[in-house]
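Residue-level structure breakdown
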Amino acid sequence: MSALISIATPKKIRPMRMINAARYQASNVDSELFDGLTLPEVPPRSIDAILSLLELGKADLISLLEWITVFESEEYFNSLSHDEQAMCKRLVWQEIAKQAKVRQIALWRMSLFFDGQKNMIPTALIVNFRESIKAIKNVDKDRCLLLIALAENKANAIAFYALQASTPPKPMFFRRGLPNTIQLLNSALSKLEVVLVTKGFEQYAGHYLKIIQSLDDIERDNAVTRLVTVSTKELLAESTQLVQYLKNCYSPTVINSRWNHLSLVTQNILRNVFGAAWFADFKKFIFQLTSPKLADALDLTDRDITQLKSRVTFWSNYQSRFHSFKVFLPLKTSHTIKSFGLHLPEHSIVEGFNHSRFETELCLLEFDEHIVVEYLRGGSSAVKIYSKSDTKIRSLLATDKIRIDDLSQIEFIKEHDHLIYWQNSCEEMLRTEFQILPDENLRRFLIKDADRQEDQFYKTYSRNYGLPQLSYDKRLQRQDALLIHKQGRAAKYTNKVKPKFREKTEIENNAKGTVPESFFIGQKLLWGGQHEVEVVRVDTNAILVLMANGRKLLTSKCHDYKEL
């Protein structure tokens, strides 16, 4: 019979040697976990013995396992008298504040206690929690605030702390060493948008952007829905970065957009947000262009400035309809803006003008089916409407440079002037011929009028009939301006301007005052029986007059004038 296999008796490894071996293998970060580690007694000490050590000031002899025993002694704490409970509570909280490892165990279990797991810690230790936790506020403020929010069931408070940390609530708890399965954290995530708006959108919009970038697709869709519901398009437009991110992820014109994953209600709101953001860019650019220093450097006249501002006012009524906006600048404008140290908008270059007096900035406004090109100033000032199905005009939205001659070769559908009182007929053209309508709920149309002192005012608006009809006198002024403009354009090709007058209407023939036989520069006139004007230029069919308020007006010679 063969001999039995001899197996060596395994070595007895003392617990402290095991701990030392583990400490040796630990990284620098983990090694501190072993500092001051106390092994539990065998057999385990009773809760009475553990609390006696606390009372004797020998907390360093209590192991972490024994601390768990303390935190699971609900029945024992309930058996104590009121004074005994108070003494034990004070001693336990004292060590929670003093020892980081004990604090970690305590705060973790307290978090679960507030989530409904009442066996995690004795209720006696949680009574007057806000008062008790003051003991650790100076050494662990962030987690202290989170625990108070949990204790008081305040999802908004947790959402605010998450917003400050630029982290969703669950990852924030995880990084703080707290359980992230707590139900209140789901509610806190859904409160982020309300807290963002109420606590300071401008200050925390960048923080919120980091949060939604870290969410999965479905969570992000839900967050965007909440965001556009609780905020306004004007408020969202204040954060360029946030709106740009939303455009990149949710614009209906972007490849792989999440647009179709949103509800129709959210889509409509978001469309308004995008439009408002594009309009904000347009408005910012125009107001920069008309600032005193830049206007002077670009030789903008008062009429140029008024016309540019009237453009912004007019298009403000169409904010929700904008799909995109693009600026084209002549090199001179671009260099001038840079030289003044002003913000240079994202733009492309337009070149190839025959003369500097024909130079103009261009703005491309994209709508559902059309692209509107605004020639902002100079002799070319006008609005041209193009079909978006034309690949040539659509390609301009992505190009870095164009020549004005190349643009003139692209066929446009219709052109509209920027002459006096142009807004009424332009609105009618957009509405009836191109189905480009103002914002859906618009009932008052913002306008800047040529003969009013205030910067802008409202006119009542009807989606069926548009703006109220101009007065007869204003219609006459516009007809005169159109006639002069038409003859001026014809003169470019014929070098001759043939006088062509309308037959005077009954209103004009019965007008008070007399029409001087001839006009001369410097002549003082009374126009319309109430406006004192001075002639500053005389053309074939019209005169340029200077009004008392400093405004210049080009008007027909056959209007009602009386010499002073």
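Cut-offs applied
- Residues numbered from 1 in each chain as written.
- Predicted model: local features only at pLDDT ≥ 70, side-chain atom pairs only at ≥ 80, totals over all residues.
- Heavy atoms only, no water.
- Helix = DSSP H or I, 4+ residues; strand = E, 2+ residues; numbered from the N terminus.
- Buried < 20%, exposed > 50% of the residue type's maximum accessible area, 1.4 Å probe, protein only.
- Areas by Shrake-Rupley, 256 points an atom, 1.4 Å probe, with all protein chains shown as cover.
- Pairing = 2+ DSSP bridges.
- Axes fitted to C-alpha atoms, helices over the stretch in contact; angles between N-to-C directions.
- Contact = heavy atoms within 4.5 Å.
- Core = buried A, V, L, I, M, F, W, Y, C linked by side-chain atoms within 4.5 Å.

**Comments concerning the overall build of the chain**
Looking only at helices and strands, the chain features 27 helices and 14 strands. For the chain, with 564 residues in total, the buried portion stands at 45%. As displayed, the chain offers around 31,400 Å² of accessible surface, 51% of which is attributable to carbon and sulfur atoms.

**What to know about the sheet that holds strand 4 (residues 370–375)**
Spatial strand order, 6-2-1-3-4-5-7: seven strands in an open sheet with mixed pairing. Single-partner strands in this sheet number two, and they are strand 6 (401–403) and strand 7 (414–416). Mean inter-strand twist for the sheet, computed between neighbouring axes without regard to direction, equals 25°. Relative to strand 5 (residues 382–387), strand 4 runs antiparallel, the two sharing six bridges. Bridge pairing in strand 5 links Glu-374 to Val-383. Relative to strand 1 (residues 324–329), helix 22 (residues 331–339) is tilted by about 95°, and along the sheet it contacts strand 1 and strand 2 (347–351).

**Describing the side chain of Gln-423**
You can see Gln-423 is positioned in helix 25 (residues 422–434). Looking at Gln-423, the relative accessible area reads 4%, which means it is buried. Residue contacts for Gln-423: discarding those within four places in its chain leaves Ser-310, Phe-314, Ile-447, Lys-448 and Leu-467.

**Brief notes about the environment of Thr-306**
In this structure, Thr-306 sits in helix 21 (residues 302–315). Taking the C-alpha atoms as reference points, Thr-306 and Asp-449, 143 residues apart in sequence, are found 9.3 Å from one another.

**Examining the nonpolar core**
Core analysis: the largest hydrophobic core is formed by 125 residues, its most contacted members being Phe-71, Met-110, Leu-270 and Trp-315. If we skip the residues at most four places from it in the chain, Phe-71 touches Val-92, Ile-96, Val-102, Ile-105, Ala-106, Arg-109, Asn-119, Met-120, Ile-121, Pro-122 and Leu-125. By size, the runner-up hydrophobic cluster in this structure holds 15 residues, among which are Phe-353, Leu-362, Tyr-375 and Leu-396.

**Details of the side chain of Thr-336**
Topologically, Thr-336 is positioned in helix 22. With residues near it in sequence (within four places) discarded, Thr-336 still touches Leu-294, Ala-297 and Leu-298.

Any link to function would need more than the numbers given here.
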